Amino acid sequence: MAIAMVAGESSGDLLASRLLSGLRPHLPDARMYGIGGAKMAEYGFVSGWPMEKLSVHGFFEALANYREIKGIQIALRDRLLAEKPSVFIGVDAPDFNFGLEAQLREAGIPTVHFIGPSIWAWRGGRIKKIARAASHMLVIFPFEEEIYRKAGIPVTYVGHPLAQVIPMVPDVAAARSALGLPAAGRVVAILPGSRMGELKHNTIAFVQAAKMLAQRDPGMRFVAPMAGEKQSKFFSELVSQAGLQDLPIQLLNGQSHTAMAAADGVLVASGTASLEVALYKKPMVIAYKMMRASWEIMRHMSYQPWIGLPNILAREFLVPELLQHNATPQALADALWTQLEDPARQAMLRQRFTEMHHTLLRDTAGESAQAVLQVIEQHSKKHQR
């Protein structure tokens, strides 16, 4: 048996690895291949292309890499059409995966899409495309089930894999010890994003904000987990070019969860990382900047007031969101400082984020694996008739 998958960035790699951890015991000899990362490889997954090739962000940034990405998609499609895997699982990366899934499904290969795109935040009209592409949706937020059911798309709510990975009560002392940080004193984690485009647009404002925070609290320590060596080098170059290298920032190779656990507050780019910070029950400021042209397109497509996952789940502005021109260093520093200075607000956030954690906590690996196995079984029975 062969199972094909595509994950397009580090968050997808993590989410896909949770699914594989549930599938592998049922299919110990299955060949699992496609495009993925190091965490998927731990379960015997073989990636035919570097996952980073798909990790581009924004309309115009994607356009610049269109030819290469389209070439990868066509090459993978042709291979899968020839080999006919038992199922194709697209993990996030909707712009790459939905087009591929539609072609595979039309050719008789069942398709599962894991992680619904944020149609509830952007591009609501995309639901028709999803209906053509996915035999079955696996969704990670409880409110998504109804959206897909109404559209007639088979769907399973499997909880959020991160809710299982992240402890309900983080061990701050152990995290600080692991990073060589003092037990006392404030620690702020800086997470400008894992994609190169995110780093390019967010890094300077985040680091300038950190410098302002350090002026208010000279004992404050800063940690910045990076997705890889390339990102770490680029981050350092940006900081140096902006003349900010005098601010001591402890760069980490990965270890984002350890950094979040150790922190008193977090400056974070919008995306999965903001939900991770919420699951670690930390005050945060969610920020996002991108190319101006991309921003002009994106902001006209939004039809709800929040972009940060913690706020979307709460249906209110639990934590500040500062976007594009509003994400100034001063605004970032002020918004985080206000939370760091307010113990009552910190306690409220801990309580709300704990409730959120319980809502998202399911046996994600087991339930998603069962849904995939059911899709394979139904397809098999259909073709035996």
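What comes next is a walk through the structure. (Residues numbered from 1 in each chain as written. Predicted model: local features only at pLDDT ≥ 70, side-chain atom pairs only at ≥ 80, totals over all residues. Heavy atoms only, no water.)

Topic: the environment of W337
Here's step 1: By the secondary structure assignment, W337 is in helix 16 (residues 329-340).
Here's step 2: The spacing of W337 and I130 is 207 residues in sequence and 42 Å in space, taken between C-alpha atoms.
Here's step 3: Among all residues touching W337, those that are not within four sequence positions of it are R186, L213, R216, D217 and M220. (Helix = DSSP H or I, 4+ residues; strand = E, 2+ residues; numbered from the N terminus. Contact = heavy atoms within 4.5 Å.)

What about the packing of aromatic side chains?
Here's step 1: The final tally for this structure, using the stated rule, is two aromatic pairs.
Here's step 2: Between F141 and F143, the ring centres sit 5.9 Å apart and the planes meet at 5°, which makes this aromatic pair stacked.
Here's step 3: Its relative accessible area of 4% is what places F141 among the buried residues.
Here's step 4: A cation sits over an aromatic face here: R186 above W337, 4.9 Å from the ring centre. (Phe/Tyr/Trp six-rings, centres within 6.5 Å; stacked < 30°, edge-to-face > 60°. Buried < 20%, exposed > 50% of the residue type's maximum accessible area, 1.4 Å probe, protein only. Lys NZ or Arg CZ within 6 Å of the ring centre and 35° of its normal.)

Examining the sheet that holds strand 2 (residues 31-36)
Here's step 1: Here we have seven strands laid out as an open sheet, ordered 3-2-1-4-5-6-7, and parallel in their pairing. At either margin of the open sheet sits one strand with a lone partner, and together these are strand 3 (45-50) and strand 7 (155-157). Pairs of neighbouring strands in the sheet enclose a mean axial angle of 20°, with direction left out of account.
Here's step 2: Pairing between strand 4 (residues 87-91) and strand 5 (residues 111-114): four bridges, direction parallel. Within the sheet, the bridge partner assigned to I89 lies in strand 5 and is V112. (Pairing = 2+ DSSP bridges. Axes fitted to C-alpha atoms, helices over the stretch in contact; angles between N-to-C directions.)

Observations regarding the nonpolar core
Here's step 1: Core analysis: the largest hydrophobic core is formed by 76 residues, its most contacted members being M5, L23, I89 and F114.
Here's step 2: Those residues in contact with I89 that lie beyond four places of it in its chain are I3, A4, M5, V6, L19, L23, V112, F114 and V372.
Here's step 3: A224, L247, L267 and L322 belong to the second largest nonpolar core, which has 30 residues in total. (Core = buried A, V, L, I, M, F, W, Y, C linked by side-chain atoms within 4.5 Å.)

Section: the environment of M196
Here's step 1: By the secondary structure assignment, M196 is in helix 10 (residues 196-216).
Here's step 2: A relative accessible area of 27% means that M196 is categorised as partly exposed.
Here's step 3: The contact partners of M196, leaving out residues within four places of it in the chain, are K230, Q231 and F234.

Remarks on the packing of helix 13 (residues 272-279) against helix 17 (residues 343-360)
Here's step 1: At their nearest, the axes of helix 13 and helix 17 sit 8 Å apart, and the two run at 110° to each other. Of the possible angle classes, the one that applies to helix 13 and helix 17 is roughly perpendicular. Of helix 17, the residues touching helix 13 (which contributes L275, A278 and L279) are F353, M356, H357 and L360.
Here's step 2: Each residue belonging to the contact of helix 13 with helix 17 can be placed in one class, and the counts come to six nonpolar, one polar and no charged. (Parallel < 35°, antiparallel > 145°, perpendicular 65-115°, else oblique. Nonpolar A, V, L, I, M, F, W, Y, C, P; charged D, E, K, R; others polar.)

Points about the pattern of salt bridges
Here's step 1: The tally for this structure, following the rule as stated, stands at 17 salt bridges.
Here's step 2: The salt bridge involving E146 is made with K150; its shortest N-O contact spans 3.3 Å. With E146 and K150 both in helix 7 (residues 144-150), this residue pair falls four residues apart, about one helical turn. Residues E146 and K150 agree in their burial class; the two are exposed.
Here's step 3: With its nearest N and O atoms 3.1 Å apart, the salt bridge here joins E316 to R352. In this pair, E316 is assigned in the loop between helix 15 (309-314) and strand 13 (321-323) and R352 in helix 17, connecting sequence segments 36 residues apart.
Here's step 4: We classify E316 as partly exposed; its relative accessible area is 34%.
Here's step 5: With a relative accessible area of 25%, R352 lands in the partly exposed category. (Salt bridge = Lys/Arg side-chain N within 4 Å of Asp/Glu carboxyl O.)

Section: helix 13
Here's step 1: Most of helix 13 is tucked away, with seven of its eight residues classed as buried.
Here's step 2: Buried within helix 13 we find A273, S274, L275, E276, V277, A278 and L279.
Here's step 3: K281 lies just past helix 13 and shows a positive phi near 65°.

So, the sheet that holds strand 9 (residues 221-226)
Hydrogen bonding along the main chain pairs the strands of a sheet, whether they run parallel or antiparallel.
Here's step 1: Ordered in space as 10-9-8-11-12-13, the six strands form an open sheet in which the pairing is parallel. Taken across any chain shown, the strands that pair with only one partner, and hence form the sheet edges, are strand 10 (249-253) and strand 13. Each adjacent strand pair in this sheet contributes to an overall mean axis angle of 20°, direction not counted.
Here's step 2: For strand 9 and strand 10, the ladder comprises five bridges, and the chain directions are parallel. Bridging across to strand 10, F222 finds its partner in I249.
Here's step 3: The sheet strands contacting helix 13 are strand 8 (187-191), strand 11 (265-269) and strand 12 (284-288), and the helix crosses strand 11 at an angle near 160°.

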